[in-house]
Each structure stands twice: as C-alpha cells, then as structure tokens.
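Here are the chains, one letter per residue:
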Amino acid sequence: MIISVASGKGGTGKTLVATSLALSLKDGHKVMVQDCDVEEPNDHIILKPVITDREPVFNLVPRVDEEKCTYCGTCARVCAFNAIAVINEHVLVFPQMCHGCGACSYLCPEKVITEIPKEIGVVERGEADGISFVQGVLTIGEAMAPPVIRKVKEYSNNDYTIIRDVSPGTSCPVVESIKGSDFCLLVTEPTPFGLNDLILAVETVKELGIPCGIVINRAGVGDSKVADYCVKEGIPLLLNIPLSTDIASLYSRGIPLVEGMPQWRDSFIKLEKQIKEIVSERNSNPQR
Amino acid sequence: MKEIVILSGKGGTGKTSVVGSLAVLVKNKVLVDCDVDAADLHLLLNPETKEDNEFWSGQTAVIDENKCIQCGLCQDICRFHAIKNYKVDPLSCEGCGFCSHICKVEAITMQDNLSGYWFVSDTKYGPLVHARLNIAEENSGKLVAEVRKQARQIAEKQNSDYIISDGPPGIGCPVISSLSGARIALLVTEPTLSGIHDLERVISVCRHFGIPAMVCINKYDINLDNSHQIENFCQKQGVYVIARIPFDTVVTEAIVHGMPVVEYSPESKVTGELQNMWVNVLDFIT
Ligand code: SF4
Ligand code: SF4
C-alpha cells in the first residue's frame, strides 16, 4: 500500500505526520519512506538515515554537431519548450528549459543532434532504524522536479507499506508524486490559509481518483471551518494533532514525535488501520 | 521601481503574513502573488477583482481514434509514458508534441490548455495581481512570469516605487521564475531544523541567480539555539538577518480575521519588528 502525505499549503506538518506514521508502523510492517518533496526534502532530518547509495538523475539534453548542421531550423520548430533556437548560423540550447522529450534529435533531418545526460538531481537510498529510506534531491538552480520524483518512485515495491512525502501545492510535482498511490493523507491547519489550500488539494486528489482523509495539525489555533468543511464534503477527518509547544519543540530539534512522546504511537497505528479500511472498502466497491 | 520578492524555501514559515504586512507598511507599490498554485495573499487583503483573464499555456496531445491505425509508434517514443492503448493520459502528457510530429497518418493533434486565470484587483493597499493555476496543471513558472509582467506594467503606468511579491515555496521552476530580475529576495525562515535546511538551499538558489538575499527569522524565540545557528550561518554567507519576529498568537488571529497583522495588532511586538524590518530593507536598497 502506498500512502501519500500531501498538504496544499506548506509548513502544515507533512513531515511530522509522514515520519511519525513510518516510525509507528515499522515494528509491525516493512516500511519504506519516499521523500518526493525533492525541492526541500526534510524527512531525513527527523529519520536520520544512513545513506548507502547515491544515484544521479539525468535529463537528456540535445547537443548539436555544428560542423554538419545545415541550420535548417527543424529542431527549433518542433521544440515545444523553446529550449533550442537557431539564430543565423548558430544553434543555441537552453538546458534548463529542455524537458528531454527527444523530439529534436529524432526529427533532425541531418541526424546531427545527439543527446547528452545532464545531472539535475540525485536519489539517495539508505536505512533508518529498520525503515527503508529513499529521497530525491533536486540540484540547486534546476527547474524540473518531476524526473527526480519519477526516479524515487521507481523504488516502490509491493512488499512495503510506502509512506510518500509530497511537496506543497497542487501543480505538476504534486500530481507526479501522488499518482499511483492508494491513499492520500492531507495535512492542514485550522486557519483560513489552511482551508483555502486544503480545498485545492482535495480537488487535486479527486481529479486523480484517489481517496483521501484529513489530518488537522495545530488543532485549536484558528477556527473550526476546516472541520466543518470535512463534514460538509464527507471527507474523513482522521486525526487531530493539537497545538502544543512540546510537539513544536521536538520538531524544531529534529526529534521524532513518537520518540519524544511515545503515547502518540497508538494514534498513528490506528490511523493506518483506518486508511487500510477505507482503501479496501473502496477496492471492493470500485465504482464509488 | 524595485521588485522585492519574499521567499521561504520551506512552506508555512509566515511568508504571506510578512507580505500582507508589507502591503500596509510600504507606500506606492504594486502587490503580486507568485504562489500561483496555493495563493493565500488575497485572504488578507480583501481584494475587489477588476480584471479576470484566462491563461492559456502549453498543449496536450489528442489522438483521433478514427484516423489512428494503431501502429504504436507514438507509445514507443513518448518519454513520459503518456500514451497507453492508443489513448493519451492528459495528466502525464507534457505537451512536447513529439508524437504529433511523427504520426504517419496525422492522427494526433495538439490542443491548447487553459492552465489558469490571472486577476488584477484593487485593495485598499494598492493594486494586487494574483492568479489561480488550474488543478494539476503544469506551467506554474509561466503563470508566475505572466503575473510579474502584469505587475510591472501597472507599476510603470502608476509610477510605483516598489513591487512586493509573495513567492512560491520550494526552489524549482516557479521560484526560479519569480526570482529573475528581482532587486532583492527577502527570505522568511523559522528556527526549526527543516527551516534551516531549506533556508540554506534557497540562499544557494539566490546566489546561483545573482539575487542578493536578506533573512527574516520568524518565531525566532521558539528555539533560540536554532536561531543562533541561522544567524551564524547567515553571517558566514554574508547574508544580513534583518528581522527577528517573536512568536505571538496574534499572527494567527490576524489570519483568522483576514487582516494583515500590523493592522490587526498595531501595538504588538510583531508589528514593531516588521516596521524595523522594512526600514532595514530600505537601507539596503536605497
Ligand atoms: S529534447 Fe525536446 S525539449 Fe529538449 S530541446 Fe529537444 S525538442 Fe526541446
Ligand atoms: S505530446 Fe509528448 S508527452 Fe504528450 S503524449 Fe505526445 S509524446 Fe507524449
């Protein structure tokens, strides 16, 4: 089972929930954490994995052999991302804008474009206290997160309960991360910002046809509109984590919640059970 | 006219509350929300929308099943595995158009995407340009570029001194798009280990693109050790820490009331520190 932990709004406690869930489940399950928030991966701060393997992620970008190029301009015409331009007797490539689709090299009538790998990030693997750990790290200055996310997802394995940390927002990196998961936990906070972004996140997972449930973090801090929204939309509110200086202080020091406050372990074990029920009910009732 | 972009790397550090307060403190400016996939600034500024524009960007492949002879070439060449059983999955298609160029029977056409909307609104603090990326859309970077362009045009017309821009979280495509050509980046962080980690990455991004950065530590008193660590790190990097905002529940209360905190609680320490912060920014850029 793959459980994605997403949030719409950033900083609501995604990392707190993902790591607590993983640490609570690890005694009864084979657990894998996949940190797909490749722009700002944070799970490693809490889980402190020993990284044993690093694999670079490449994007294939064109290189033109200008000796043989006739400057016909085909490559520039077919590139949908303006990543290659022919100006007078020169071909310019803008690697940051290239999606690595391969159109230009394939369609070049002179066959003078080759593709060279350009490193855009790295996938790191290791172990954290019995948890299998995978994270993607986007290289500074690179724009394209999805290829790094896809690489992390390649390590998915049915033997594991996979907890996948997703970047904030609702755009392409979020969709890429959530795609293919069985359930999406949405972590929010009870403020107008939290609600506004939660509604967008719910629309996103609905678009993908994935069941979701909600965790309210810092419960008590704002108003009750998030809880009202859950009731109205019929989305299960699975867990409330109260606003607490103890929890915030543990987090700020990088100490796992379930280590500092072991009483929380049961709540997360129960959370997983609820998720499992929702998923299996849905699988036996797929039209819903 | 000078553009100041507020970034944070990590989400939820208080970026939008800082921008909302600058909306009150800074005179003669245009506001722009570059966090186009989870825009929140409008919730503080109570805008009245004057202009509502469609944003078309990017394309998606569509296969005409009447023309398709099921040769399978497109499925083989699509690097994004977007074509299965001679159908395109729009959520996977990146719109590169490769398939449409190679289809022997011309069964594939590229259709434009309505990626979102952008708005020009009036607020009592000045004009606000904001946007809404459609769910699950790509091209957030391009929409950011669009709202910034609109904001610049308004600023030129009105002879504004500043553009204040609420940036997106992260360090990827929309962040890069919101940084280019800005005068300065103001980075809002918090003293947690993840806050520090993400700050380091966003400082590197600013350096990579040659944009000077300044740091505001929000909730600095929730973990003083970490705050000192941020200060030491910034000093080594040659980045000024220009504000240390204490933790105070008035910040959340202000959000619940839909108001900038400096207006909701003008006497609070938070407000005092935000005022100082703006004086420090002014010192730096003038
Ligand atoms: S590989 Fe695709 S995106 Fe990259 S330059 Fe060639 S046509 Fe453009
Ligand atoms: S346009 Fe590109 S990404 Fe979309 S289906 Fe065709 S080849 Fe694949």
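Cut-offs applied
Residues numbered from 1 in each chain as written. Chains lettered and ligands numbered in written order. Predicted model: local features only at pLDDT ≥ 70, side-chain atom pairs only at ≥ 80, totals over all residues. Heavy atoms only, no water. Helix = DSSP H or I, 4+ residues; strand = E, 2+ residues; numbered from the N terminus. Expected span 1.5 Å × (residues − 1). Contact = heavy atoms within 4.5 Å. Buried area = accessible area lost by both parts, 1.4 Å probe. Salt bridge = Lys/Arg side-chain N within 4 Å of Asp/Glu carboxyl O. Polar contact = N/O pair within 3.5 Å; in protein donor to acceptor, adjacent residues only side chain to side chain. Nonpolar A, V, L, I, M, F, W, Y, C, P; charged D, E, K, R; others polar. Axes fitted to C-alpha atoms, helices over the stretch in contact; angles between N-to-C directions. Parallel < 35°, antiparallel > 145°, perpendicular 65-115°, else oblique. Domains from an automatic or database assignment. Buried < 20%, exposed > 50% of the residue type's maximum accessible area, 1.4 Å probe, protein only. Lys, Arg positive; Asp, Glu negative; His and termini not counted. Pairing = 2+ DSSP bridges. Near = heavy atom within 4 Å. Patch = residues over 30% accessible without salt bridge, like charges linked within 9 Å, V, L, I, M, F, W, Y side chains within 5 Å. Areas by Shrake-Rupley, 256 points an atom, 1.4 Å probe, with all protein chains shown as cover. Left-handed = near helix turned anticlockwise from the far one by under 90°.

1. Focus: helix H5 (residues 140-157) of chain B
Then, number 1: Helix length check: H5(B) (18 residues) gives 26 Å between terminal C-alpha atoms against 26 Å at 1.5 Å per residue, within 8%.
Then, number 2: Just past H5(B), the residue Asn159(B) takes up positive phi, approximately 55°.

2. Comments concerning the interface of chain A and chain B
Then, number 1: Residue-level contacts link 54 residues of chain A with 53 residues of chain B.
Then, number 2: Each partner contributes to the roughly 4600 Å² buried at the junction of chain A and chain B, and carbon and sulfur atoms together form 61% of this total.
Then, number 3: If you sort the residues of chain A by the area they bury against chain B, Glu40(A), Ile140(A) and Phe193(A) come out on top, with a joint share of 16%.
Then, number 4: At the surface where chain A touches chain B, the tally comes to 4 salt bridges.
Then, number 5: Of the charged contacts in the structure, one is a salt bridge between Arg79(B) and Glu115(A), with a shortest N-O distance of 2.8 Å.
Then, number 6: The interface formed by chain A and chain B holds 24 residue pairs in polar contact (both at pLDDT 80 or more) in total.
Then, number 7: Counting residues per element, the ones that place at least two in the side of chain A that touches chain B are helix H2 (43-47), helix H4 (103-107), strand E7 (131-138), helix H6 (172-178), helix H7 (192-207) and helix H9 (245-252) of chain A.
Then, number 8: The residue inventory of the side of chain A that touches chain B, partitioned by class, reads 24 nonpolar, 18 polar and 12 charged.

3. As for the packing of helix H1 (residues 14-25) of chain A against helix H11 (residues 265-283) of chain A
Residues and elements named next belong to chain A.
Then, number 1: The contact between H1 and H11 brings their axes to 9 Å, and the two run at 90°. In terms of their interaxial angle, H1 and H11 are classed as roughly perpendicular. In this structure, H1 contributes Val-17, Ser-20, Leu-21, Leu-23, Ser-24 and Leu-25 to the contact, and H11 contributes Arg-265, Phe-268, Ile-269, Leu-271 and Glu-272.
Then, number 2: Here the contact of H1 with H11 is composed, by residue class, of 7 nonpolar, 2 polar and 2 charged.

4. Remarks on unusual backbone geometry
All names here are of chain B.
Then, number 1: Even without a glycine there, the phi angle at Asn-28 is positive, about 50°.
Then, number 2: Tracing the backbone through its elements, the reader meets Asn-28 in the loop between helix H1 (15-25) and strand E2 (29-33).
Then, number 3: With phi around 60°, Gln-70 is a residue other than glycine that occupies positive phi space.
Then, number 4: Locating Gln-70 in the fold gives a position in the loop between strand E3 (48-63) and helix H3 (73-77).

5. Some points on the domain arrangement of chain B
Residue and element names in this part refer to chain B.
Then, number 1: Along its sequence, chain B is organised into domain 1 (2-46 + 124-285) and domain 2 (58-114).
Then, number 2: Taking only C-alpha atoms, the centre of domain 1 and the centre of domain 2 are 40 Å apart.
Then, number 3: Facing the 5 residues of domain 1 at the interface are 6 residues of domain 2.
Then, number 4: For the pairing of domain 1 and domain 2, the buried interface totals around 370 Å² over both sides, and the portion due to carbon and sulfur atoms is 31%.
Then, number 5: Counting the surface domain 1 buries against domain 2, the share from its top three residues, Asn-134, Glu-137 and Glu-138, is 69%.
Then, number 6: Seen at the junction of domain 1 and domain 2, the total is 0 salt bridges.

6. Regarding the side chain of Asp40(B)
Then, number 1: By the secondary structure assignment, Asp40(B) is in the loop between E2 and helix H2 (42-45).
Then, number 2: With no salt bridge to any partner, buried Asp40(B) finds its closest opposite charge in Lys9(A), at an N-O distance of 5.0 Å.

7. What about the sheet that holds strand E8 (residues 162-166) of chain B?
The strands making up a sheet associate through backbone hydrogen bonding, with each pair oriented either parallel or antiparallel.
Residue and element names in this part refer to chain B.
Then, number 1: Taken in spatial order, the 9 strands of this open sheet run E3-E6-E7-E2-E8-E1-E9-E10-E11, and their pairing is mixed. For this open sheet the edge positions go to E3 and strand E11 (240-245), each flanked by a neighbour on one side alone. Going from strand to strand, the sheet's axes swing by 20° on average, the running direction of each strand aside.
Then, number 2: In terms of strand pairing, strand E1 (residues 2-7) meets strand E9 (residues 184-189) through 4 bridges, oriented parallel. Residue pairing for E9: Ile-6 is matched across the bridge by Leu-186.
Then, number 3: In the packing of H1 onto the sheet, contacts are made with E1, E2, E8 and E9, and the angle to E8 comes to roughly 155°.
Then, number 4: Running over the sheet, helix H7 (residues 193-208) touches E1, E9 and strand E10 (213-218) and is turned about 170° from E9.

8. Quick notes on H9(A)
Then, number 1: Those residues of H9(A) lying buried are Ile247(A), Leu250(A), Tyr251(A) and Ser252(A).
Then, number 2: As for H9(A), its buried residues are in contact with H1, H2, strand E11 (237-242) and helix H10 (257-260) of chain A together with H7 and helix H8 (224-237) of chain B.
Then, number 3: Here H9(A) starts with a cap whose side-chain oxygen sits 3.2 Å from the backbone nitrogen of Asp246(A), and that cap is Ser244(A).

9. Re the site of ligand 1
Then, number 1: Taken together, Pro62(A), Cys79(A), Phe81(A), Ala83(A), Cys98(A), His99(A), Gly100(A), Cys101(A), Gly102(A), Ala103(A) and Cys104(A) make up the full set of residues adjacent to ligand 1.
Then, number 2: Looking at the shell around ligand 1 residue by residue, the classes come out as 8 nonpolar, 3 polar and no charged.

10. Notes on a nonpolar patch on the surface
Residue and element names in this part refer to chain A.
Then, number 1: Taken together, the side chains of Ile-87, Leu-92, Phe-94 and Met-97 make up a nonpolar region of the molecular surface, amounting to roughly 340 Å² of accessible area.
Then, number 2: Looking at the element boundaries, Met-97 is found in the loop between strand E5 (90-93) and H4.
Then, number 3: For Met-97, a relative accessible area of 41% puts it in the partly exposed group.

11. What to know about the packing of H7(A) against helix H8 (residues 225-233) of chain A
Residues and elements named next belong to chain A.
Then, number 1: Two elements in contact, H7 and H8, have axes whose closest approach is 10 Å; the angle formed by their N-to-C orientations is 30°. Taken together, the axes of H7 and H8 lie roughly parallel to each other. Every pair of crossing elements has a handedness; the one defined by H7 and H8 is right-handed. Along the contact surface, H7 presents Leu-195, Leu-198, Ile-199, Val-202 and Lys-206, while H8 presents Lys-225, Val-226, Tyr-229 and Glu-233.
Then, number 2: Grouping the amino acids of the contact of H7 with H8 by side-chain chemistry returns 6 nonpolar, no polar and 3 charged.

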